[in-house]
Amino acid sequence: MMESSSTSSTITLLSSSSYDTTFELDTRRWFILSYFAVLNANQCLTWFSFSSIEQDKLESYFGPLAAQSNINLLLNWGPIAGMGMFLLQKLLSSNKIGELNSAFELQKVIRLSVLLAFLGNLLRLFPIILSELTSDPNYRQSHFAFFCYHACAILNAASGPLNMGSVSLLSATWFAEEERTTATAIAETSNGLGTTIGFLNPIFFAPVIAQIPNIFYFSAFVSLLPLIGSIVYLPKNPQFPPNRSQQLLREPPPIGAPDSDHEMLLSTLPDSKTTPTHYSTSFIALIVLAAALSGMTDGWQGCYQSILNPVGISDADVGWIGFATCCAGNFAAISSGVLMDRVYRRRLKPAIIVFLTISLISTIWFTLAISLDSFSDSQFVLLISIIISGAFREACSPLFYELSAELIYPQQESQSGGMLVFLLNMFAAIMISLDDSLTGDSMNFVMCGVMVLVISSIAIFVNEEYKRPSTFFH
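None of these values were measured; they are calculated from a predicted model.

Quick notes on the nonpolar core
Next up, step 1: If you look at the biggest cluster of nonpolar residues, it comprises 78 residues, and the most contacted ones within it are Leu308 and Leu356.
Next up, step 2: Here this core takes ten residues from helix H13 (residues 281–301), the largest share from any one element.

Now the structure itself:
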């Protein structure tokens, strides 16, 4: 083993393998994860910018073109462009395990995403800056200005699948096996953190209409940070493989040395590039169920106002409930990653079922509190039940990514992540299109029914398999 430098740490693990299983970790992996998380968070923050501002203030600052239908289209570009980028993401990740450097390079994908996000924010800021410098509202209210806003929404949305489709690949490439789920949780959860911050934007940056540009200045500034980070340090991969599966990709065992993991890897690779890829029923079932649950959750959360207003909760309080739910979900997702790495490694399916069951019980509790007059007066009950429901549901998000990466192996982690993100965007688009026809009363019961279906289907149709080579398990 090479001597550790100041930027690396060393992990030595026992294995049945016939060659070195001492993994040297680059401590700068946390720096890469940090600015990737900032990139991913700002992607969602930029997407949510217009929607975070009250409609009357939007129309006052941006003019009549800022009608609700136009703002909804800015929001809808997220899933629309996200689905459109699936083909590019699929193409970039089309190589098989064992061909690491032939097609998909995490370095290039991150840089492309950084560039799309940065250019989009600059383009959106251009008419706003002109308007502020000249004190002429026409610059920010013109058709050209809204062309810039929509172009930004499309560019920003296009960066989303590149980010979210790479969260498991990032953790597999840079982190030790006992850190992977935690790293995936941080990378994946950071996207939702953008929406959480978005709730606070109007409060801290734009309490009055004249300060609305501050929201867009902030997003543009944040988009600059990942650009700087990727320039400072973003190699193709760490100098040394950080875990067993990466070791097999980059350092095959010596000729003639027996290694069961490497033999398994070779035996599962297609004989030629023309061999079609077959995905297991467990993998397909998992990503479809995860996406359906996410889409239904988006639709349910979109009905919060119609659900909570009749029981005396104001729109402002609904916003704070949404913010509290997002915070709880972010904390729960990262906590679940740490828990799975430290205590319940390779127990992803049982954890998903347990977390979703707790979320289901809380959702039923919330539904009863709304439906029964004896409970509806207690806003505290509603608040606690909805936060618990959201927290344990979000705790499953990084586990879906990690389990799908295990099930699809020896395909790259970017393949499973890309397909999952495509389905997430598809179901989100479906729910957005149905938004006007959804009612709060019905959505509570539909959400409970969908969760029962998802839990039972995962229990029945998803066979828990861990195909990525491990130093801890054989």
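Next comes the rest of the description.
Here's the deal with a nonpolar patch on the surface
Next up, step 1: A cluster of nonpolar side chains, contributed by Phe31, Phe221, Leu224, Leu225, Ile228 and Val232, occupies part of the molecular surface with about 530 Å² of accessible area.
Next up, step 2: The leading source of residues in the nonpolar patch is helix H10 (residues 213–232), at five residues.
Next up, step 3: Within the secondary structure, Phe31 sits in helix H1 (residues 29–48).
Next up, step 4: Taking the relative accessible area as the measure of exposure, Phe31 reaches 35% and is therefore partly exposed.

Quick look at the pattern of salt bridges
Next up, step 1: Inspection of the entire model under this criterion finds seven salt bridges.
Next up, step 2: Measuring nitrogen to oxygen at the nearest pair gives 3.0 Å for the salt bridge that ties Glu413 to Arg468. Here Glu413 is found in helix H20 (residues 413–433), whereas its partner Arg468 is found in the segment after helix H21 (440–461), with 55 residues between them in sequence. In this structure, Glu413 and Arg468 share a single accessibility class: buried.
Next up, step 3: Through salt bridges with shared partners, a single ionic network connects Arg180, Glu402, Glu406, Glu413 and Arg468.

Comments concerning H1
Next up, step 1: An ideal rise of 1.5 Å per residue puts 28 Å on 20 residues; H1 measures up with 29 Å between its terminal C-alpha atoms.
Next up, step 2: The element H1 is extensively covered by neighbouring structure, given that 15 of its 20 residues are classed as buried.

Structural notes on the packing of aromatic side chains
Next up, step 1: As enumerated under the stated definition, the model contains 18 aromatic pairs in all.
Next up, step 2: Arranged with centres 5.8 Å apart and planes meeting at 85°, the rings of Trp300 and Phe366 form a pair that is edge-to-face. One end of the pair, Trp300, is in helix H13; the other, Phe366, is in helix H16 (residues 348–371), and 66 residues separate them in sequence.
Next up, step 3: Consider the rings of Phe355 and Phe392, whose centres lie 6.0 Å apart with planes at 55°: the pair is tilted. Pair noted here: Phe355 is in helix H16 and Phe392 is in helix H18 (residues 379–394), with a separation of 37 residues, a long-range link.
Next up, step 4: The structure contains a cluster of three or more aromatic residues connected by ring pairs, namely Phe50, Tyr61, Phe62, Phe146, Tyr149 and Phe216.
Next up, step 5: When the ring centre of Tyr61 is taken as reference, the NZ or CZ atom of Arg140 above it lies at 3.8 Å.

A closer look at the environment of Pro235
Next up, step 1: Tracing the backbone shows Pro235 in the loop between H10 and helix H11 (244–250).
Next up, step 2: Separated by 128 residues in the primary sequence, Pro235 and Gln107 place their C-alpha atoms 6.5 Å from one another.

A short note on the packing of H1 against helix H8 (residues 167–174)
Next up, step 1: Look at H1 against H8: their axes get within 10 Å of each other, and the N-to-C directions meet at 170°. Between H1 and H8, the crossing angle belongs to the class labelled roughly antiparallel. Only Val167, Leu170 and Trp174 of H8 make contact with H1, whose side of the interface consists of Arg29, Ile32, Leu33 and Phe36.
Next up, step 2: Along the lines of polarity and charge, the residues of the contact of H1 with H8 split into six nonpolar, no polar and one charged.

Structural notes on H10
Next up, step 1: End to end, H10 covers 29 Å across 20 residues, agreeing with the expected 28 Å (1.5 Å per residue, within 8%).
Next up, step 2: At its buried positions, H10 is contacted by H1, helix H2 (55–62), helix H5 (106–134) and helix H9 (180–204).

A few points about the confidence of the model for the chain
Next up, step 1: Looking at the chain, pLDDT values average 82 and 82% of them are 70 or higher.
Next up, step 2: Of all the helices and strands in the chain, helix H12 (residues 260–268) carries the lowest mean pLDDT, 49, while helix H6 (residues 138–141) carries the highest, 96.
Next up, step 3: A low-confidence stretch, residues 1–6 stays under pLDDT 50, and its non-local contacts, those more than four residues away or across chains, total ten contacts.
Next up, step 4: A low-confidence stretch, residues 95–103 stays under pLDDT 50, and its non-local contacts, those more than four residues away or across chains, total 26 contacts.

What about unusual backbone geometry?
Next up, step 1: Not every positive phi belongs to a glycine, and Ser135 is a case in point at roughly 60°.
Next up, step 2: With respect to the helices, strands and loops of the structure, Ser135 is situated in the loop between H5 and H6.
Next up, step 3: Of note, the phi angle at Arg346 is positive, near 60°, even though the residue is not glycine.
Next up, step 4: Turning to its location among the elements, Arg346 is positioned in the loop between helix H15 (315–342) and H16.

Here's the deal with a negative patch on the surface
Next up, step 1: Together, Glu54, Asp56, Glu59 and Asp315 make up a region of like negative charge exposed at the surface.
Next up, step 2: As for its position among the elements, Glu59 is in helix H2.
Next up, step 3: On the accessibility criterion, Glu59 (38% relative accessible area) is partly exposed.

Quick word on the packing of H1 against H5
Next up, step 1: Where H1 meets H5, the axes come as close as 11 Å, and the angle between the chain directions of the two elements is 40°. Considered as vectors, H1 and H5 are oriented oblique to each other. For the crossing formed where H1 meets H5, the hand is left-handed. Contacts between H1 and H5 involve Phe36, Leu39, Asn42 and Thr46 from the first element and Ile110, Ser113, Val114, Ala117, Asn121 and Arg124 from the second.
Next up, step 2: Broken down by class, the residue content of the contact of H1 with H5 amounts to five nonpolar, four polar and one charged.

The rules behind the values
Each residue is numbered by its place in its chain's sequence as written, counting from 1. Given that the model is predicted, a residue must reach a pLDDT of at least 70 before its local features are reported, and side-chain atom pairs must reach 80 or more before they are shown or counted; all residues, however, enter totals for whole chains, interfaces and linings. Remark: hydrogens and water are excluded; side-chain values derive from all non-hydrogen atoms of the structure. By convention a nonpolar core is built from buried Ala, Val, Leu, Ile, Met, Phe, Trp, Tyr and Cys residues, the set being connected through side-chain atoms within 4.5 Å. Buried, partly exposed and exposed residues are distinguished by accessible area as a fraction of the type maximum, computed with a 1.4 Å probe on protein chains only: under 20%, between the cut-offs, and over 50%, respectively. Starting at the N terminus, helices and strands are each numbered in turn, a helix being any DSSP run of H or I of at least four residues and a strand any DSSP run of E of at least two. The patches described consist of residues with a relative accessible area above 30% and no salt bridge, like charges being joined within 9 Å and nonpolar side chains (Val, Leu, Ile, Met, Phe, Trp, Tyr) within 5 Å. Shrake-Rupley sampling with a 1.4 Å probe provides the accessible areas, and residues are treated as covered by the protein chains on show and by no other component. Salt bridges, as used here, are contacts in which a Lys or Arg side-chain nitrogen is within 4 Å of a carboxyl oxygen on Asp or Glu. In this analysis, the expected span of each helix is defined as 1.5 Å times one less than the number of residues it contains. Each pair of aromatic rings taken from Phe, Tyr and Trp, with Trp reduced to its six-membered ring, is defined by centres within 6.5 Å and is described as stacked if the planes are under 30 degrees apart, edge-to-face if over 60, and tilted in the remaining cases. Here, over-ring charges are defined by two tests on the NZ atom of lysine or the CZ atom of arginine: distance to the ring centre within 6 Å, and angle to the ring normal within 35 degrees. Every axis in this analysis is a line fitted to C-alpha atoms, fitted for helices over the stretch in contact. Angles between the N-to-C directions lie between 0 and 180 degrees. Orientation categories follow fixed angle ranges, with anything under 35 degrees roughly parallel, anything over 145 roughly antiparallel, 65 to 115 roughly perpendicular, and all other angles oblique. Whether two residues are in contact is decided by their heavy atoms, any of which lying within 4.5 Å being enough. Residues are grouped as follows: nonpolar covers Ala, Val, Leu, Ile, Met, Phe, Trp, Tyr, Cys and Pro; charged covers Asp, Glu, Lys and Arg; every other residue, Gly included, is treated as polar. Per-residue confidence from the predictor is reported as pLDDT, a score between 0 and 100. As used throughout, the charge tally considers Lys and Arg to be positive and Asp and Glu to be negative, leaving His and the chain termini uncounted. Every charge is mapped onto a representative atom, which is NZ of Lys, CZ of Arg, CG of Asp or CD of Glu. Note: crossing handedness is left-handed where the near helix turns anticlockwise from the far helix by less than a right angle, and right-handed where it turns clockwise.

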